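Descriptive structure summary
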Amino acid sequence: IPGYQMYPQFSNIGKKGGLITYVLDKYTCKLMDTSRFTSSKMWECLSLSISDNILQGTLQINNIYRPGRSNSNATVRNFLKEYEQLLTDVNPEILNVLNTGDMNIDLLQLAQREAFQEYFDALICHSFRPLVNLPTRFTSDSCTLIDHSFLMERNGLIEAETNILVQAISDHQPIVSALSVLKPK
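As a starting point, this report considers the structure included with it.

So, how was this worked out
- Residues numbered from 1 in each chain as written.
- Predicted model: local features only at pLDDT ≥ 70, side-chain atom pairs only at ≥ 80, totals over all residues.
- Heavy atoms only, no water.
- Helix = DSSP H or I, 4+ residues; strand = E, 2+ residues; numbered from the N terminus.
- Buried < 20%, exposed > 50% of the residue type's maximum accessible area, 1.4 Å probe, protein only.
- Polar contact = N/O pair within 3.5 Å; in protein donor to acceptor, adjacent residues only side chain to side chain.
- Contact = heavy atoms within 4.5 Å.
- Core = buried A, V, L, I, M, F, W, Y, C linked by side-chain atoms within 4.5 Å.
- Phe/Tyr/Trp six-rings, centres within 6.5 Å; stacked < 30°, edge-to-face > 60°.
- Lys NZ or Arg CZ within 6 Å of the ring centre and 35° of its normal.

1. Description of the side chain of Ser149
- Inspection of the secondary structure assignment puts Ser149 in strand 10 (residues 147-153).
- Of the residues examined, Ser149 reaches a relative accessible area of 1% and is grouped as buried.
- A polar contact is formed between the side chain of Ser149 and the side chain of Thr100, at a distance of 3.4 Å.
- Setting aside chain neighbours within four positions, we find Ser149 in contact with Leu98, Asn99, Thr100, Arg129, Pro130, Leu131, Val132 and Ser177.

Quick look at the structure:
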């Protein structure tokens, strides 16, 4: 995509997976090591630190994929043990964090699935707020909210507009988030 730098990460957890994030060329972007969080190979994370003198501090974007091959409460809780390390290990210099991706945890099932509720509670307890609250995957007989986007703001609320694009390019609908993190003029 012209004007953007591509940050790819090939899958290290199986045939499915792999992550890609595009960042506007004008921003300084640093790839962050997340291997200490994802050592079990239950999930993968492409983490970028984005900064520029026109931004309100540094923005960290964590692009995440967790396969849905096993969604038992025990499996989700094992994932959550590693994932909470990522939530708690945010550099104090980073003001805003966006965790986004295909988590394969259906947020429409919080009342029915205890481990899904624990996942949601962990994000809320670490000051993340959900940006997506409608289904993102549709089949002929179901709809699920398994593609997530959560934002943590340390310097007050920032404007965030998130949309689900209804397109037939995948069995998942693309999520587009626009964050207003520029310094006021």
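2. With respect to the nonpolar core
- Formed by 28 residues in total, the largest nonpolar core has its most connected members in Trp43, Tyr83 and Tyr119.
- Counting residues per element, the ones that place at least two in this core are helix 1 (73-88), strand 6 (94-102), helix 2 (114-125) and strand 10.
- Residues contacting Trp43, with those up to four places away along its chain left out, are Ile13, Phe37, Thr38, Ile64, Tyr65, Arg66, Pro67, Phe79, Glu82, Tyr83 and Leu86.
- Listed in part, the 18 residues of the second largest apolar core include Tyr7, Leu55, Leu98 and Leu151.

3. So, the packing of aromatic side chains
- All chains considered together, the criterion is met by seven aromatic pairs.
- Between Trp43 and Tyr83, the ring centres sit 5.6 Å apart and the planes meet at 85°, which makes this aromatic pair edge-to-face. Of the two residues, Trp43 sits in the loop between strand 3 (28-32) and strand 4 (44-51) while Tyr83 sits in helix 1, which places them 40 residues apart along the sequence. Considered together, Trp43 and Tyr83 belong to a single accessibility category, that of buried residues.
- Summarising the aromatic geometry, the rings of Phe79 and Tyr83 are spaced 5.1 Å apart at their centres and angled 20° between planes, so their arrangement reads as stacked. Of this pair, Phe79 and Tyr83 both sit in helix 1, separated by four residues, roughly a single helical turn. For the residue pair Phe79 and Tyr83, the accessibility class agrees, reading buried in each case.
- Linked through ring pairs, Trp43, Phe79, Tyr83, Tyr119, Phe120 and Phe150 together constitute an aromatic cluster.
- The aromatic ring of Phe79 is capped on one face by Arg66, whose charged end is 5.4 Å from the ring centroid.
- If you follow Arg113 out to its NZ or CZ, it ends over the ring of Phe116, 4.2 Å from the centre.

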